[in-house]
Amino acid sequence: MNPCKACMRLNGQHSETRPHGDLRLEGTGVFGTPREPIRRYVQYRCHTCGSWLRQNTERGDPAGLWSLQAPSGRASVTRDETLKDEHAGRAVEWLKNTIESAKGTG
Ligand SMILES: [Zn+2]
């Protein structure tokens, strides 16, 4: 399936551009150490076309821009996607906790 028009339009826009209405927050891409985490992007999935959209931070690639990853054409990836979703969910939870504890100490 090809990316829908809304996804195509968002691709390459500045990350300050809001996600379009069909995007669902899936998780975040984080690397670094627990002590010094670096959030690279926020990942969304379009429920119209199934594309993955990444809202990159200034540490992301490409930096500060939306990027689009078209869904793979394979039909047998359901299990893998579930695992990825679980992983993304944990990343979001962990990120929220990190942000909350950072607020608490400030
Ligand atoms: Zn789309």
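Residues numbered from 1 in each chain as written. Predicted model: local features only at pLDDT ≥ 70, side-chain atom pairs only at ≥ 80, totals over all residues.

Under the annotation held in an unreviewed UniProt entry, the chain carries the name Aldehyde-activating protein and is attributed to Paraburkholderia caribensis.

Visitor: Quick question: what am I supposed to make of the overall build of the chain here?
Guide: Looking only at helices and strands, one finds two helices and four strands in the chain. Ordered by position from N to C terminus, the α and β elements of the chain give α-β-β-β-β-α. Relative to its 106 residues, the chain shows a buried fraction of 20%. If you take every contact in the chain between residues at least 6 apart in sequence, the share linking residues at least 24 apart comes to 45%. (Helix = DSSP H or I, 4+ residues; strand = E, 2+ residues; numbered from the N terminus. Buried ≥ 20, exposed ≤ 12 C-beta atoms within 10 Å, placed from the backbone. Contact = placed C-beta atoms within 7 Å.)

Visitor: Where do I start with the nonpolar core in this structure?
Guide: In terms of nonpolar packing, the biggest core is built from 10 residues, these being Cys7, Leu10, Leu23, Tyr41, Val42, Tyr44, Cys46, Leu53, Leu65 and Trp66. When residues of this core are traced back to their parent elements, those giving at least two are α1 (5–10) and β2 (37–46). Ranked by residue count, the leading element in this core is β2, at four residues. (Core = buried A, V, L, I, M, F, W, Y, C linked by C-beta atoms within 7 Å.)

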